[in-house]
Each structure stands twice: as structure tokens, then as C-alpha cells.
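Here is how the chains run, residue by residue.
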Amino acid sequence: MNAATHITTADPVLGAFIAKAGPLKRGKPEFAEPYPALLSAVAHQQLHARAALAMLGRLTALCGDALPAPAALLALSDEALRGCGFSGAKVAAMRDVAAKAAEGLIPSRARALRLSDDELIRRLVTIRGVGQWTVEMLLIFTLRRPDVFPVDDFGVREGYRLLHGLEAQPKPKAFAAIGQAFAPYRSTASLYLWKAANLGKAAMGK
């Protein structure tokens, strides 16, 4: 049984949306490795994407047109990083990402393949500025793990609310229970729920 069939059996309403929306179009991940993906995630936190990309662009220009390796980032002064536009809190978080990568806590993509989703979450949430949601996005979009259900994500819950005509979004604990029915394809369910939320937003002209 493929993902669409399994999800349709578990939730015919979501299944009907999947049938109407068609196959997901997914390009290559922006970053192949966890370390640069986490650096980028920290840079984007609480910022408009355009502002975060501008800061990362200045950082790559400073470091030879590529995001700096852990040792290179740690060698940069706070002034150099602040000059790229990063706040003091972001500088501290990015330094911790680099330090944890240098220590081996952040695995390479090849090493990550040998670790479960739960193991990766437990390891990576110890990094400053990295919470469970950030790791879940890494699992879905960088490592392409098939069975991740980010119950704290507004968009995923909003997509479910819109499709099912609910007055309010399900609470995370209840949503986790709902998501169990989509296993082992919860990432696919999440991607379609995001799509439903984005279409709903577009329809409202927001």
C-alpha cells in the first residue's frame, strides 16, 4: 500500500484532497547535510525569509561563497558575524551549532542514516536555539524521513482544521493521536496538510 492509499484509508477527507492536489513536487533539499541546514534554520528563526537570506548571503561572501565549516565559523569574530546582520542571540546559537558539529554531536548525512528520528531529536535539541520543531523540519526537508508529524506546527494543524471544517485547530496532544493513523507516512500527510493550509491562505487573499 502506497502513502496516498494508506492516508486515504485513514482519513478519506485528506485522501480526497490528495487526489485533487495530485503528486507532490519535491526538488532536491536546499542543504544535503544537517550542519548547514541547522545554521540556516537558526538564521531564519523569527525573521522574514528575505532578511535571513540576505544575512546568510553576506556570511557566504565573507567565507568564500559557501557557508563556513564549523572551525571556520568558530574562528570568526563576533563583530564579523554581527556585521552580517545577525543578532547577538543568533551569533551565540550559530556558534553553538558549529561547536556541536565540531564535537561530532551533529552527524553527517551518512551517520544520520544510522540514527532513528527520536535519537536525532534527543541529540539536536541540546543545541542552543534548536528545538524539536527545528529538528522535525530537518528530518522532513533535509533528511527526507518518511514518518514525521510536527504537531506543534501551525500550518499542519491549520490545514487539518480547514479540510475538516473545524472551528479550532486540534491541540498538539490530540493531533499526535490523530497522526498515528497516518504512520508510517506521516511526513507525506504533513506535506499535504501544509499544502491545504497554503491554498486556504491564498483563497482568503492573505
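Above this text is the structure in question.
Residues numbered from 1 in each chain as written. Predicted model: local features only at pLDDT ≥ 70, side-chain atom pairs only at ≥ 80, totals over all residues. Heavy atoms only, no water.

### As for the side chain of Asp-11
Locating Asp-11 in the fold gives a position in the loop between helix 1 (3-10) and helix 2 (12-21). For the buried Asp-11, which has no salt bridge, the nearest side chain bearing the opposite charge is Arg-186, at an N-O separation of 13 Å. Engagement of the side chain of Asp-11 in a polar contact is seen with the side chain of His-164, the distance being 3.0 Å. (Helix = DSSP H or I, 4+ residues; strand = E, 2+ residues; numbered from the N terminus. Buried < 20%, exposed > 50% of the residue type's maximum accessible area, 1.4 Å probe, protein only. Lys, Arg positive; Asp, Glu negative; His and termini not counted. Salt bridge = Lys/Arg side-chain N within 4 Å of Asp/Glu carboxyl O. Polar contact = N/O pair within 3.5 Å; in protein donor to acceptor, adjacent residues only side chain to side chain.)

### Observations regarding the packing of aromatic side chains
Under the criterion given, the structure shown has five aromatic pairs. Judged by centre distance (6.5 Å) and plane angle (85°), the ring pair of Phe-17 and Tyr-192 falls under edge-to-face. Of this pair, Phe-17 sits in helix 2 while Tyr-192 sits in helix 13 (residues 186-203), placing them 175 residues apart in sequence. Residue Tyr-192 is classed as buried on the basis of its relative accessible area of 5%. Considering the side-chain rings of Phe-141 and Trp-194, the 5.4 Å spacing of their centres and the 40° angle between planes classify their relative orientation as tilted. Of this pair, Phe-141 sits in helix 10 (residues 132-142) while Trp-194 sits in helix 13, and the two are 53 residues apart along the sequence. Looking at Trp-194, the relative accessible area reads 14%, which means it is buried. Taken together, the ring pairs in this structure connect Phe-149, Tyr-160, Phe-175 and Phe-182 into an aromatic cluster. (Phe/Tyr/Trp six-rings, centres within 6.5 Å; stacked < 30°, edge-to-face > 60°.)

### A look at the environment of Ala-16
Inspection of the secondary structure assignment puts Ala-16 in helix 2. Linking Ala-16 and Ala-4, residues 12 residues apart in sequence, is a C-alpha distance of 9.8 Å.

### Focus: the layout of surface pockets
For the largest pocket, the calculated volume is near 530 Å³. Taken together, 20 residues line the largest pocket, and the ones lying closest to its centre are Glu-30, Ala-37, Ala-41, Met-137 and Phe-141. Breaking the lining of the largest pocket down by element, the ones donating at least two residues are helix 3 (34-44) and helix 10. When residues of the lining of the largest pocket are assigned to their parent elements, the largest contribution, six residues, is made by helix 10. Of the residues in the lining of the largest pocket, the class split is 11 nonpolar, six polar and three charged. (1 Å grid on protein atoms, 1.4 Å probe; cavity = no way out; pocket = protein on both sides within 12 Å on 5 of 7 lines; lining within 4 Å. Points joined across faces, edges and corners; volume = space filled by probe spheres on them. Nonpolar A, V, L, I, M, F, W, Y, C, P; charged D, E, K, R; others polar.)

### Points about the environment of Ile-140
Looking at the element boundaries, Ile-140 is found in helix 10. Setting aside chain neighbours within four positions, we find Ile-140 in contact with Arg-26, Arg-145, Val-148, Pro-150, Ser-187, Leu-191 and Trp-194. (Contact = heavy atoms within 4.5 Å.)

### Points about the nonpolar core
Most often, soluble globular proteins keep nonpolar side chains buried together rather than apart. Among the nonpolar cores identified, the biggest contains 52 residues, and Leu-14, Tyr-35, Leu-38, Phe-86, Val-97 and Ile-106 are the most heavily contacted of them. Secondary-structure elements contributing two or more residues to this core are helix 2, helix 3, helix 4 (49-62), helix 7 (88-103), helix 9 (117-124), helix 10, helix 11 (154-164) and helix 13. Beyond its immediate stretch of four places on either side in the chain, Val-97 contacts Tyr-35, Leu-38, Leu-39, Val-42, Ile-106 and Ile-127. (Core = buried A, V, L, I, M, F, W, Y, C linked by side-chain atoms within 4.5 Å.)

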